[in-house]
Amino acid sequence: MPAVPMIELLNEAYKGGYALGAFNVNNLEMVQAVIEVAEEERSPVIIQAAPSELEYAGWNVLPGIVKSVAEDHGVTFALHLDHGRTFDDAIRSIRSGLTSVMIDCSTLPLRDNIAQTREIVKVAHAVGVTVEAELGRIGGEEFDIRNSSPDAFMTDPEEARNFVEETGVDTLAVAIGTAHGLYKYEPRLDFDRLDKINRLLGIPLVLHGGTGLPEQDIKRAVSLGVAKLNISTASREAFIRNFVEFSSRYPENLDLMKTMGHAKESMKRVVRSVIRMLGSSNRV
Ligand SMILES: [Zn+2]
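If you're wondering where the values come from, they're calculated on a predicted model, not measured in any experiment.

Student: Just to check I follow, could you spell out the coordination of the zinc ion for this structure?
Tutor: Each angle at a metal carrying four tetrahedral donors should ideally be 109.5 degrees, and each at a metal carrying six octahedral donors should ideally be 90 or 180 degrees. All of the protein donors around the zinc ion are His83 (NE2), His180 (NE2) and His208 (ND1); their distances to the metal are 2.0 to 2.1 Å. Counting along the primary sequence, the residues that act as donors to the zinc ion give the motif H-x96-H-x27-H. With histidine 83 in strand β3 (residues 77-84) and histidine 180 in the loop between β6 (171-174) and α9 (191-201), this pair connects stretches of sequence that are 97 residues apart. Residue histidine 180 is classed as buried on the basis of its relative accessible area of 16%.

Structure (C-alpha cells):
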C-alpha cells in the first residue's frame, strides 16, 4: 500500500483512543527496524525525517527507501517531514512524495508563524498532504527552556484555537513540558493545559520529545488527545550503543551486515515497546 495522508491515520487513532509512533530515520536499517516491527505488530506507523536527515540520505533516496521497504512488507504508513523550517523544505518534501509536512515556525513572532504556516497549508492541502505546526516552544538540545520561565513557552490553549482556525493546520505539536533529546531533569507535563487544548481544538495532537517519558505520562497524554508521539533519540541511542558494543566485542568482524543487523535488532526493541505503549498494535 502506498503512503497515506498522515491525517487519516491520526484521525483513526484519535477516535480510537490510541496513538501512533513517529520514528525518525536516516538509513536503510533504521527504516527496516520501524517497518518490520510495524508489520509484526500489525500497527500503522509514521516514518519521518528532518531536513538534515533528508539531506544526509538524499531528498529522493530516503523516501524511495521507505516506500520500497514499506510496500514490500505491506505496512500502512505515512511519510512525514519533521521540523521543516521553510517553504522550500515543505515543497521539496511534497515533491519527494512525503504525505505530511511539519512546518515549525515556532521561533517566529506569532503573526509570522501564522502567515508562513497558512501559506504552506494552502499548497499542501491542494495535493492532499497533511500539515503539522508547532505553537509554543518545545525545549531540548537547541533550546533550553530551563533558562527562562517554562510557562511562557508552553502552548496557550486560546492562542492554539485561533492558530488552528487561522492557518487550517491538521494537527498541532504542543509544548506542555516535554523536551527533545535526553531529559537532563525529570519531565513534568502540564496535563491540565493539554486537556484544555484538546477540548478547545478537537483535533489530534502531537507530542515531541517522547524519549524517556514515563509510560504513565505517555498513556495519560494519549487519553487527552495526543495521537502522534515523536521518537528519535531513543532509537538512535539503541542503535549506536549496540553498534559500539558489538564492534568492540568482535573487533575482527568486518561484516557490516552483521554489525548493522544487530544494531537494527536493538532499535526494533525500542520501536516495539513504543508501539505497544501507544496501543497501536493490531490496528490494521
Ligand atoms: Zn520535535
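Student: How should the pairing of strand β4 (residues 100-103) be read in this particular structure?
Tutor: As a general feature of sheets, a regular strand has side chains that alternate between the two faces. Burial of the side chains of β4 extends over both faces: Ser100 and Met102 are buried on one face and Val101 and Ile103 on the other. Pairing analysis gives 3 bridges linking β3 to β4, with the strands arranged parallel. Paired with histidine 80 across the strands is serine 100, a residue of β4. Remark: the β3/helix α5 (residues 87-95)/β4 crossover connection has right-handed handedness. Bridging between β4 and strand β5 (residues 130-135) involves 4 bridges; their strand directions are parallel. Of the residues in β5, the one forming a bridge with serine 100 is threonine 130.

About the criteria used
- Residues numbered from 1 in each chain as written.
- Predicted model: local features only at pLDDT ≥ 70, side-chain atom pairs only at ≥ 80, totals over all residues.
- Heavy atoms only, no water.
- Donors = N, O, S within 2.8 Å, 3.2 Å for Na, K, Ca; no water.
- Helix = DSSP H or I, 4+ residues; strand = E, 2+ residues; numbered from the N terminus.
- Buried < 20%, exposed > 50% of the residue type's maximum accessible area, 1.4 Å probe, protein only.
- Pairing = 2+ DSSP bridges.
- Right-handed = clockwise from strand over helix to strand, strands pointing away.

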